[in-house]
Amino acid sequence: MFKQVKSALFWYYLYKFRKRVLLISLLLIVALFANAIYSDIIEYLKLKNRLEFLELALFIKWFIILFNLVFSIYLILTLFKKQENQKEEIKKKTTKKNESKKQKETLSEREKSFLKRKKLKSKADYLLEK
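These numbers were taken from a predicted model, which means no experiment stands behind them.

Caption draft 1: Representation of the overall build of the protein chain. Scanning the protein chain from N- to C-terminus turns up 6 helices and 0 strands. Going residue by residue from the N terminus, the α and β elements of the protein chain occur as α-α-α-α-α-α. Of all 130 residues assigned to the protein chain, the portion counted as buried reaches 12%. Intrachain contacts of the protein chain at a sequence separation of at least 6 include 65% that bridge at least 24 residues.

So this is what it looks like as structure tokens:
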């Protein structure tokens, strides 16, 4: 029974956050393949006798790896904050509705009488009647 619940939760969250999970996995794959790409670039630079670009290639390799790791960690940490932001927005909307209800309640007697009328006449309506 516990395995079924665990599996159901896993697939629910995987489906719910499938875009982020896919992005995180792609970023981590790029970080893992950065070393293979770096070794190919080193071999190419040795063949072309352009060893002055080795420092630049090393810097770019580590920049790619660190950027992907930091961005993946950021995506993982902000995975559930999106839901919290939505809850805060819902709370703001409900408070705005409550404020508008309070404003309606603070109407004077004359304003309330206008709200109860079925048909309001404008100046043009009065002129047409004459």
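Caption draft 2: Molecular detail of unusual backbone geometry. Despite not being glycine, Asn49 has its phi angle at roughly 55 degrees, a positive value. Assignment of secondary structure puts Asn49 in the loop between helix 2 (18-47) and helix 3 (54-77). Asn49 gets classed as exposed once you look at its relative accessible area, which sits at 64%.

Caption draft 3: Here's a closer look at the packing of aromatic side chains. Counted by the stated rule, this structure contains 4 aromatic pairs. Aromatic ring contacts, followed pair by pair, group Phe59, Phe63, Phe67, Phe71 and Tyr74 into a single cluster. Over the ring of Tyr15 we find Arg18, and its NZ or CZ is 4.3 Å from the ring centre. We note Lys61 situated over the ring of Tyr38; from NZ or CZ to the ring centre the distance is 4.6 Å.

Caption draft 4: Looking closely at the side chain of Lys61. Within the secondary structure, Lys61 sits in helix 3. Asp40 provides the closest opposite charge to the buried, salt-bridge-free Lys61, at an N-O distance of 12 Å. Excluding residues within four positions of it along the chain, Lys61 makes contact with Ala34, Asn35 and Tyr38.

Caption draft 5: Quick peek at the packing of helix 2 against helix 3. Following both chains from N to C, one finds helix 2 and helix 3 inclined at 170 degrees, their axes separated by 9 Å at the closest point. As far as their axial angle goes, helix 3 and helix 2 are roughly antiparallel. Among the residues forming the contact of helix 2 with helix 3, the class breakdown is 20 nonpolar, 3 polar and 2 charged.

Caption draft 6: Here's a closer look at helix 2. Its 30 residues give helix 2 an end-to-end C-alpha distance of 43 Å, which sits within 8% of 44 Å, the value for a rise of 1.5 Å per residue. Phe33 marks where helix 2 bends most, by close to 35 degrees. Looking at helix 2, one finds that the buried residues are Ile24, Leu27, Ala31, Ala34, Tyr38, Ile42 and Leu45. On the buried face of helix 2, the contacting elements are helix 3.

Caption draft 7: Seen up close, the side chain of Ser72. Tracing the chain through its elements places Ser72 in helix 3. Residue class for Ser72 comes out buried when judged on its relative accessible area of 2%. If we ignore the near neighbours within four places in the chain, the residues touching Ser72 are Ile24, Leu27 and Leu28.

Cut-offs applied
- Residues numbered from 1 in each chain as written.
- Predicted model: local features only at pLDDT ≥ 70, side-chain atom pairs only at ≥ 80, totals over all residues.
- Heavy atoms only, no water.
- Helix = DSSP H or I, 4+ residues; strand = E, 2+ residues; numbered from the N terminus.
- Buried < 20%, exposed > 50% of the residue type's maximum accessible area, 1.4 Å probe, protein only.
- Contact = heavy atoms within 4.5 Å.
- Phe/Tyr/Trp six-rings, centres within 6.5 Å; stacked < 30°, edge-to-face > 60°.
- Lys NZ or Arg CZ within 6 Å of the ring centre and 35° of its normal.
- Lys, Arg positive; Asp, Glu negative; His and termini not counted.
- Salt bridge = Lys/Arg side-chain N within 4 Å of Asp/Glu carboxyl O.
- Axes fitted to C-alpha atoms, helices over the stretch in contact; angles between N-to-C directions.
- Parallel < 35°, antiparallel > 145°, perpendicular 65-115°, else oblique.
- Nonpolar A, V, L, I, M, F, W, Y, C, P; charged D, E, K, R; others polar.
- Expected span 1.5 Å × (residues − 1).
- Bend = angle between axes of the 7 residues up to and from the residue.

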